[in-house]
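Tertiary structure, described
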Amino acid sequence: QVHVEESGGGLVQPGGSLRLSCTTSETSGNFFTTNLMDWYRQAPGKEREFVARITRDGRATYADSVKDRFTVSREGAENTAFLQMNRLKPEDSAVYYCQPNVYTYSLGSQYYWGQGTQVTVSS
């Protein structure tokens, strides 16, 4: 069973920074590999919004709203991804989710998600 866990959210003032982490694991110890990692966010009363994507070979894609402020990476453990968020704005406040595309022998390639981590940008 694939488990996804986001962390690193919190309360920060406008202009501040946060670094989110996303770790993917397989609870039964079976083989798995992560093909790509998507980041989404959702604020109360709003639709889910795409934030960033990073592929296995390191290619990154960003929404216009976060371009030049956010950086996605897969540095460190191969099943851990990061979202560095700089110059945060109140409009960035949301629950942030990572959605890895994970391959397993039993289910093939599927997207998974965790519980999310809350980011609040406020004075």
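Structure's up top.
Source: prediction; values computed, not measured.

1. Some thoughts on the overall build of the protein chain
If you tally the helices and strands in the protein chain, you get zero helices and 11 strands. Walking the protein chain from its N terminus toward its C terminus, one meets helices and strands in the order β-β-β-β-β-β-β-β-β-β-β. The C-alpha atoms of the protein chain give a radius of gyration of 14 Å, which matches the 14 Å a tight globule of 123 residues would have. The principal-axis extents of the C-alpha atoms in the protein chain amount to approximately 45 × 25 × 25 Å. Out of the 123 residues in the protein chain, the part that is buried amounts to 45%. Once the 12 positive and 13 negative side-chain charges of the protein chain are each reduced to a mean point, those two points are 4 Å apart.

2. Focus on the packing of aromatic side chains
Applying the stated rule across the entire model yields three aromatic pairs. An angle of 75 degrees between the planes, with centres 5.7 Å apart, marks the rings of Y40 and F50 as edge-to-face. Here Y40 is found in strand β4 (residues 32-42), whereas its partner F50 is found in strand β5 (residues 49-55), with 10 residues between them in sequence. Feature note: the residues F31, Y103 and Y105 constitute an aromatic cluster, connected by ring pairs. Positioned over the ring face of F82 is R19, at 4.1 Å from the centre of the ring. The ring centre of Y40 lies 4.0 Å from the NZ or CZ of R48, which sits over that ring.

3. Quick notes on the pairing of strand β9 (residues 94-104)
Most of β9 sits inside the fold, with nine of its 11 residues counted as buried. As defined by bridge partners, β4 adjoins β9 across 10 bridges and the pair is classed as antiparallel. Residue Q42 lies in a different strand from β9, and its bridge partner there is V95. Inspection of the sheet shows β9 paired to strand β11 (residues 117-121) by three bridges, in the antiparallel sense. Looking at β11, one finds that A94 is bridged to V119. As judged from the four bridges shared by β9 and strand β10 (residues 108-111), these two strands associate in the antiparallel manner. Along β10, the bridge assignment pairs T104 with G108. In textbook terms, the turn of a hairpin is the stretch between consecutive antiparallel strands, and for β9 and β10 this stretch comprises three residues.

4. Overview of the nonpolar core
Ranked by internal contacts, the top residues of the largest apolar core, which has 28 residues, are W39, V51, F70, L83, M85 and Y96. Per-element accounting of this core gives the leading share, four residues, to β9.

5. Considering the state of the cysteines
With the rule as written, the count across this model stands at one disulfide. Through a disulfide, C22 is tied to C98; the S-S separation comes to 1.8 Å. Handedness of the C22-C98 disulfide follows from its S-S torsion of about 60 degrees: it is right-handed. Here C98 lies in strand β9 and C22 lies in strand β3 (residues 18-26), a separation of 76 residues in the sequence. In this structure, C22 and C98 share a single accessibility class: buried.

Conventions we followed
Residues numbered from 1 in each chain as written. Predicted model: local features only at pLDDT ≥ 70, side-chain atom pairs only at ≥ 80, totals over all residues. Heavy atoms only, no water. Helix = DSSP H or I, 4+ residues; strand = E, 2+ residues; numbered from the N terminus. Rg over C-alpha atoms; globule rule 2.2 N^0.38 Å. Buried < 20%, exposed > 50% of the residue type's maximum accessible area, 1.4 Å probe, protein only. Lys, Arg positive; Asp, Glu negative; His and termini not counted. Charge placed at Lys NZ, Arg CZ, Asp CG, Glu CD. Phe/Tyr/Trp six-rings, centres within 6.5 Å; stacked < 30°, edge-to-face > 60°. Lys NZ or Arg CZ within 6 Å of the ring centre and 35° of its normal. Pairing = 2+ DSSP bridges. Core = buried A, V, L, I, M, F, W, Y, C linked by side-chain atoms within 4.5 Å. Disulfide = S-S within 2.5 Å.

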